[in-house]
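Summary of structural features
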Amino acid sequence: MDGNAPDFAAASRAALADPQLRGNFRRAMDGLMSKRAAQFADTGEWTGVRALAASVRLRALSKLPELLETLEKNCTRNGITVHWAATTADANAIALDILHKANAKLVVKGKSMVTEEMHLNAVLEKDGIEVLESDLGEYIVQLDGTMPSHIIMPAIHLNTKQIAHLFKRKIKDAESREDAAYLTDLARRVLRAKFQAADVGMSGVNAAVAETGTLCLIENEGNGRMCTTVPPVHIAFMGLEKVVEKLEDVPPVISLLPRSATGQPITTYVNMISGPRKEGEKDGPREVHLVILDNGRSNIYADPELRDTLRCIRCGACMNHCPVYTKVGGHAYEAPYPGPIGKILVPQIEGLEKRGAMPHACTMCNACVEICPVKIPIVEIMGRLRVEAVKPGGAVKDGGAKASRTESMVWSGWAAMNASPTAYRVATLAMSKLGNAAPSSLPMLKEWTNVRTKPRFAGRTLHDLARAKGVPDV
Amino acid sequence: MSDARNSILSRLRASRDAHPLTPPASDFAPIEAKSWAEEERLPRIRRLMEAVHTEFLDAREADWPAVLREFLAHEGVASLAYAPETEAGKRLVEGWDPASTSLIPYDRPLENLKPQLFETIEAGLTTTRGAIAETGSLILWPTAEEPRTLSLVPHIHIALLRADALYDTFLQAMRMQGWAQEMPTNVLLVSGPSKTADIEQTLAYGVHGPKRLVVLVVHP
């Protein structure tokens, strides 16, 4: 991914031409949307808890530097070692250092989007360390040698048949059975041996509580508990925005996250970790490390409008409701975070030179904004990033990367035309008389007509028609 | 990496001071308003948890070890790990007939019990600190006496739930029990046996954690 800039348009065209993929996504997203809607049938409850959760996230952002210091202080008091990483390279170096000190050969991982952002698995493998994803969806994706296509359901792009074939190819003694229960049990057998043998367990963090120095993780499978309980060392990775002020701030977030994500009232496990094994305790890791990653987040935080991106609790509901995501699938984005949140987060982290296309892959239908449990104004930020992409010297990395002289001249002309009644009359008259004769292959116009029919200009302008109707003052 | 720490924190502080943010007040009333009559709590917990394949047994203070023994014998469970130093552990062993199920005390560090726990022990017994009506969740509070893996590694997790320790919400339980003052190494909410829907949205139980969760309700 660090090679050529991803070509979102080409990847989308390929995805659109794949009926199997589109069918897999359509079915999954329809199911997720209706299950979520059932959870929020009581609109009064939804409105109230949503406002509370948004206030929890905003309060955390309003005190972000202080809360991170308090988190560090309380984690340290609890025996958790806190590390700070400005870049993904720093975070990978910290992880490798801990692994080397622990003489680790085998790592088991629970789900962590931050480590996807870091491409940690590739770094570990290059270092000769075996790393195994243990969330079933992540395990499938890892066996397949691809990336997650959804932040909550990583293997949503595959159907049972495809997964059965994959397991048959990759797992010793696997039978060729297209049966989710059989396949799940097969993964259980493979991974239980790994949990038992692993030297280090890794996880993400859903919320870190400053007040108590507690790391909260939610999950259904028990792999997160395995990774954070059984191996002698646990390393947790979090983006610096994941902190909340008080322990009481956790219930509102936990109330909305699983309901928004998968339409379940709560995940099977809510796991709250406040330190390594204490004197006298019989299990739990001997060491717990927390790696706090910036990777562009402090830059996002600097802009009062873009800052709202950092409210996100990573439920993935915006993906499930996005008409673009549902049609092109997660892989077309070629990014750790796809869908609406990805379209505003990834360009800010990786820059508009590489990711300038992403904010344009949006119809601005506002569905994501309506269901976002923490009320992120995704569409407004999307619009802002479109502007930043053509405005050099702005707040976002590689701002102005997509600026074009022709485009900027056309818009200046457009502005001038609309500011002068005479120019406007002349221009609209010219368009109504000559517009239909203009070939659709004209530069700039071509961008539009490539994928759309060229509009037909009306023979008479709106002003002309209004005047004929006797509307005064036009 | 303290350079990274200081530069991150000073950047954040400068940005925040340049553009301070006034958050709206956090009104917890929408969560505080959720409540169920005392006699509705247990049926609700049961309904929500049974919907995700949790099993329930009813017993009295006097006979819960016998109810458990009978259940394990009926299910053909040959071994049960338990916490010997807890009150519940002491009750359990009193007069236990090991004919059908042998009791294995979790009395040493995980390192010395790992192969047994992963490969042979079939069930684990833990206590709970109550349950939550809103979501149908057990509160597990592992301690030095009652380790975390007891409810995680064996294929069957049996959880003792006192019928008088029921809360409306997660928030209420954490406030009434004063969690913020005394967070232990690990606290858990458990709302069913391990499950996944990662293969084409098909729900499958018992992926990594326990395949079965049995709640043994002890009525006063």
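Residues numbered from 1 in each chain as written. Chains lettered and ligands numbered in written order. Predicted model: local features only at pLDDT ≥ 70, side-chain atom pairs only at ≥ 80, totals over all residues.

Details of unusual backbone geometry
Across the chain, the bulk of peptide bonds are trans and the bulk of non-glycine residues have phi less than zero. All names here are of chain A. Quick note on the threshold: Here a helix means four or more residues in a row that DSSP labels H or I, a strand means two or more in a row labelled E, and each is numbered from the N terminus.
You will see that Met364, though not glycine, has its phi angle at about 60°, which is positive. Considering the arrangement of structural elements, one finds Met364 in the loop between α17 (352–355) and α18 (367–371). Unusually for a residue other than glycine, Asn366 sits at a positive phi of about 75°. Within the element layout of this structure, Asn366 appears in the loop between α17 and α18.

Quick notes on the packing of helix α20 (residues 405–419) of chain A against helix α21 (residues 421–434) of chain A
Residue and element names in this part refer to chain A. Rules: To obtain each axis, a line is fitted to C-alpha atoms, and for helices this fit is confined to the stretch in contact; angles are then taken between N-to-C directions over 0 to 180 degrees. Should an angle fall under 35 degrees it is called roughly parallel, over 145 degrees roughly antiparallel, and 65 to 115 degrees roughly perpendicular, with every other angle called oblique. Any residue pair is listed as a contact if its two C-beta atoms, each placed from the backbone, are within 7 Å. Each residue is assigned to one class: nonpolar for Ala, Val, Leu, Ile, Met, Phe, Trp, Tyr, Cys and Pro, charged for Asp, Glu, Lys and Arg, and polar for all the others, Gly among them.
Between α20 and α21, the least distance of the axes is 5 Å, while the angle of their chain directions is 115°. Taken together, the axis directions place α20 and α21 in an arrangement best described as roughly perpendicular. Of the residues in α21, those touching α20 at Ala416, Met417 and Asn418 are Ala423, Tyr424 and Ala427. Here the contact of α20 with α21 is composed, by residue class, of 5 nonpolar, 1 polar and no charged.

As for the pairing of strand β9 (residues 269–273) of chain A
What counts here: Counting other C-beta atoms within 10 Å of each residue's C-beta, where C-beta atoms are placed from the backbone, gives the exposure class: buried for 20 or more, exposed for 12 or fewer, partly exposed between. Strands are labelled as partners when DSSP assigns at least two bridges between them.
The buried fraction of β9 of chain A amounts to 5 of the 5 residues, a majority that puts the element mostly inside the structure. The sheet contact formed by strand β6 (residues 214–219) of chain A and β9 of chain A spans 5 bridges and is antiparallel. Bridging from a neighbouring strand, Glu219 of chain A pairs with Tyr269 of chain A of β9 of chain A. Of the pairings in the sheet, the one linking β9 of chain A to strand β9 (residues 186–190) of chain B comprises 5 bridges and is antiparallel in character. From the neighbouring strand, Met272 of chain A faces β9 of chain B, where its bridge partner is Val187 of chain B.

Remarks on the domain arrangement of chain A
Rule in force here: Residue ranges assigned to the domains are those given by an automatic or database domain assignment.
On domain assignment, one finds that chain A holds domain 1 (1–39 + 306–403), domain 2 (62–295) and domain 3 (405–468). Inter-centroid distance (C-alpha atoms) of domain 1 of chain A to domain 3 of chain A is 31 Å.

Side note on the sheet that holds strand β7 (residues 233–239) of chain A
All names here are of chain A. The strand order across the open sheet built from 6 strands is β1-β10-β7-β4-β2-β3, with neighbouring strands paired in parallel fashion. Across the chains shown, the open sheet's two edge strands, defined by having one partner strand only, are β1 (80–85) and β3 (130–133). Averaged over all pairs of adjacent strands, the angle between their axes in this sheet comes to 20°, without regard to strand direction. As paired strands, β1 and strand β10 (residues 287–293) are joined by 6 bridges and run parallel to one another. Opposite Trp84, over in β10, you have Ile292 as the bridge partner. In the packing of helix α5 (residues 88–101) onto the sheet, contacts are made with β1, β2 (106–109), β4 (200–203), β7 and β10, and the angle to β10 comes to roughly 170°.

Topic: the nonpolar core
For clarity, the threshold we go by: A set of buried residues drawn from Ala, Val, Leu, Ile, Met, Phe, Trp, Tyr and Cys, joined through C-beta atoms within 7 Å, is what defines a nonpolar core.
In terms of nonpolar packing, the biggest core is built from 191 residues, with Val253 and Val291 of chain A together with Leu216 of chain B touching the most fellow members. Both domains that meet at this core, namely domain 1 (1–39 + 306–403) and domain 2 (62–295) of chain A, each give it at least three residues. The contact partners of Val291 of chain A, leaving out residues within four places of it in the chain, are His83, Ala85, Ala91, Ile94, Ala95, Ile235 and Phe237 of chain A.

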